[in-house]
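Each chain is listed here by its residues.
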Amino acid sequence: MADELSTGAVEDGDEFEDEEVDLTTLDDADLRTQMMDDLYDGLAEEIAEGTKILLSRGWDAEKVLGDVLVEGMRIVGIDFRDGILFVPEVLLSANSMKAGMAILRPLLAETGAEPIGTVVIGTVKGDIHDIGKNLVAMMMEGAGFEVVDLGINTDVDEYIEALEKHKPDILGLSALLTTTMPYMKVVIDTLRERGMRDDYIVLVGGAPLNEEFGEAIGADGYCRDAAIAASMATELIAERRNAA
Amino acid sequence: MTRPDQTPAKPRRRRSGGRRGRQAARVSSTEQSVAYLERTLPAVDMLDEAGYAQIETNAEIILEEVGVAFQGFPSALDLWREAGAEVRGEVVHFPKGMCRRIVQANAPQSFIQHARNPAHNVKIGDNSTVFAPNYGSPFVMDLDRGRRYATLEDFRNVVKLTYSLPHLHHSGGTVCEPVDVPVNKRHLDMVYSHIKYSDKGYMGSVTATERAIDSVELSRIAFGGDLQDRTVMTSLINASSPLRWDATMLGAATVYAKANQASILSPFILAGAMSPVTIAALAAQALAEALSGMAYYQLVRPGAPVVFGTFASSMSMATGAPTFGTPEAGQAIYVMAGLARRLGVPFRSGGQFTASKIPDAQAAYESASTLHPTVNAGVNFVLHAAGWLEGGLSLGYEKLIMDADQLGMMGVYAKGIDMSENGQAMDAFRTNPAGQHFLGNDHTLQNFETAFYRSKIADNNSFEQWEEDGRLDAAQRANIRWKQLLADYEAPPLDAAIDAELQDYVGKRKSEMPDALY
Ligand code: B1M
């Protein structure tokens, strides 16, 4: 440090200057690296552009998704866990992922490739706490899931309507009040009554819940935070697909 | 007045009954109990006139341009339309100055909340400070049993302890959530427990309109007759920030306003998620929210007692977790208290907050970092003044005792400096030669017992003494104390006929509805 200062080797200003990069001029390997940086920096437009370029160069959608986007977001996840990236930054990264996914999703469907998965999530009836649920939705989107967010104060009919419409892999329920937690059981019991329970993986979360509560009401998993929710979703879908 | 050159005659010491008399006196001289604090300590301002005025201007701009949503509650929109506000969908836009005018023209500057025992009536507003315990925790923890879901037994224990702790002036509301009682019946047991096991003031239920109605009915029975001329409950109505009041809270608020009961209209903001991250922005938003809520209350019933609430904390930008005891939250308390003073309404904020899971050093530091701003800012109603752990998810039995001990100290601060003749103690100087200690001086003998706050929790003994006493830390000493308090607890008198009527009401309401999960 001292040396650098005395020799004046470090130029004034930002070491990582916001240089314009023409993505089309990069070869595939450099473009992939650049896109992973852009995901990290939360640059949605650049991710959309990069995705299109790779596709135009003959990459198939699955490869763009797996090699670039999912891998990039995996790194984002690690740095979030380690306290290097902050919530607003991860939100931007997740939005960039979403921008890429919007382009890839129809192509993936065409090729019949297995999608990462769809999640229907909402805060249960009587409850308006949604900060945690929004973080979960953000992390799920970051992991490449398509997320249908039903918002707050969601009653069982709204959940069921959304399940029938979107046919998701996962149903996520959030509750922050001991007065609304029991409603999660109402939702799960109703699914069972209608013979729909086994069609979905049901994940629950919210600060006043715990593992035992999740088990007691018949959920497939209790998630203590958003990162766990995303990883548990990925694992349980993989398990289920392997079993099928 | 004695002249400076005169030595006052030494008052003769009187017989006190020797050892037996003194022992009896010391044991019975329990901590000084006051109904609430009357502050002489001047409130600290963190902003100058220009700063406050700017925030007030910003709040008016927010009220007019952005507006506040009154969600799922059409009757509120009707009231606002009639009052001359512009309603677009569910969002109400207020002409500049409208809410402020309504509040200032109608809301009382202070009010008395009556308690079952008039000695525990509290004044809320002006120069008063009222301490109430923790609110809303689904879990409780103590050193013996660890963390667990709270039960009705825990709820009753906390009410009993709060009744026994002289520095808690108010019994609070949902001191912890009795998770073992069906959701739609809990409020009956909670309100009944406050009435039965304490004679301090309490809060009503807010989680549904009919639960607020039940709270009013139970209070009518407890206090006898109409409550229109007496405020006996102060309940907690939280905004669903940013800039939104939801139907549940509006339903409860409307019930309480109509019954002339007090409510705390409380913006509840985790900055970052629910407001911009800066204090000036949070303050403008919270002022706008509180003004809109309090003005609504006045539209429902002009003159109904309201409290300007603010619960402000931040969110960890690294993880999303709520944080407590941070300097920014302390600043918010000062600024909001100043804004409430200028408006001329009672103010609720602060408490002893922490994110810690156990009564450890983090818990103590963070709590102190909230409590001192609370007292210095001149907060009138302090919810969560004792027992809070884990960002409100858990109530700690030991923490309750430790916090209550701190509240006793705050009583001393709030009183300010005693500048009476006795406070100046000039006679003590005149009667004590230079260089001689004051332990035998008359002034000392007359004042020593109450001169210094004596903590029931702190250990000031020698290392050896402490070791002989079992090397206990503060939490372990608090553990002994709450058990002792519960063992010594005696319920305050409650008229048998009233008790029977209360129980009938609870029984009747419970039998009218099947147990429900929501
Ligand atoms: C797959 O699905 C999944 C998976 C994982 C999931 C998941 C779903 N959902 C969550 N997760 C998990 O991942 C998330 C990210 O890591 C995590 O989510 P969390 O939500 O836990 O964490 C968030 C990132 C940050 N945490 C939060 O946002 C919640 C913080 C606390 C302080 C809180 C807040 C902020 C609020 N509150 Co409320 N609030 C409290 C909370 C106390 C606490 N410490 O938790 C609690 C929950 N509230 C309480 C109360 C009493 C209330 N609140 C109320 C209102 C509010 C606000 C509107 C002011 C506000 C919410 C704003 C909003 N837009 O969400 C009222 C109820 C309103 C209603 N009808 O719902 C009111 C009744 C208060 C009143 N008298 O008005 C208490 C619980 C009551 C009880 N016994 O059950 C409470 C413990 C605080 C307290 N001590 O009073 C995980 O739990």
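Predicted model, so just to flag it, every value in this text is computed and none were measured.

Digging into the interface of chain A and chain B
Listed per partner, the contact involves 21 residues of chain A and 22 residues of chain B. At the boundary of chain A with chain B, total buried surface from both sides reaches about 1800 Å², with 70% on carbon and sulfur atoms. If you sort the residues of chain A by the area they bury against chain B, I131, T178 and T179 of chain A come out on top, with a joint share of 30%. Run the count over chain A and chain B and you get 0 salt bridges. Summed over the shared surface of chain A and chain B, the number is 4 residue pairs in polar contact (both at pLDDT 80 or more). Taken together, the elements giving at least two residues each to the side of chain A that touches chain B come down to α5 (87-111), α6 (131-142) and α8 (181-193) of chain A. Residues that form the side of chain A that touches chain B fall into these classes: 17 nonpolar, 3 polar and 1 charged.

What to know about the environment of Y40 of chain A
All names here are of chain A. Position of Y40 among the secondary structure elements: in helix α2 (residues 28-41). When the C-alpha atoms of Y40 and M73 are compared, they prove to be 7.5 Å apart, with 33 residues separating the residues in sequence. If near-sequence neighbours (up to four positions away) are discounted, Y40 is found in contact with I75, V76, D79, I84, L85 and S93.

Brief notes about the packing of helix α11 (residues 361-376) of chain B against helix α12 (residues 397-415) of chain B
All names here are of chain B. The geometry of α11 relative to α12 is characterised by a closest axis approach of 11 Å and an angle of 30° between their N-to-C directions. Considered as vectors, α11 and α12 are oriented roughly parallel to each other. As for how α11 packs across α12, the hand of that crossing is right-handed. Along its contact with α11, which presents A363, S367, L371, H372 and V375, the element α12 presents K399, D403, Q406, L407, M410 and Y413. For the contact of α11 with α12, the class distribution of residues is 6 nonpolar, 3 polar and 2 charged.

What to know about the site of the ligand
Contacts to the ligand come from 45 residues, most closely from H129, D130, S174 and T178 of chain A together with E177 of chain B. Around the ligand the close residues trace back to chains A and B. Between the ligand and G392 of chain B, the relevant distance is 3.0 Å, taken from a nitrogen atom to a main-chain nitrogen or oxygen of the residue. Of all the elements in the fold, those that place two or more residues in the shell around the ligand are α6, β3 (170-174), β4 (201-205) and α10 (226-243) of chain A together with β10 (234-238) and β13 (268-271) of chain B. Tallying contributions element by element places α6 of chain A first for the shell around the ligand, with 4 residues.

Calculation notes
- Residues numbered from 1 in each chain as written.
- Chains lettered and ligands numbered in written order.
- Predicted model: local features only at pLDDT ≥ 70, side-chain atom pairs only at ≥ 80, totals over all residues.
- Heavy atoms only, no water.
- Contact = heavy atoms within 4.5 Å.
- Buried area = accessible area lost by both parts, 1.4 Å probe.
- Salt bridge = Lys/Arg side-chain N within 4 Å of Asp/Glu carboxyl O.
- Polar contact = N/O pair within 3.5 Å; in protein donor to acceptor, adjacent residues only side chain to side chain.
- Helix = DSSP H or I, 4+ residues; strand = E, 2+ residues; numbered from the N terminus.
- Nonpolar A, V, L, I, M, F, W, Y, C, P; charged D, E, K, R; others polar.
- Axes fitted to C-alpha atoms, helices over the stretch in contact; angles between N-to-C directions.
- Parallel < 35°, antiparallel > 145°, perpendicular 65-115°, else oblique.
- Left-handed = near helix turned anticlockwise from the far one by under 90°.
- Near = heavy atom within 4 Å.

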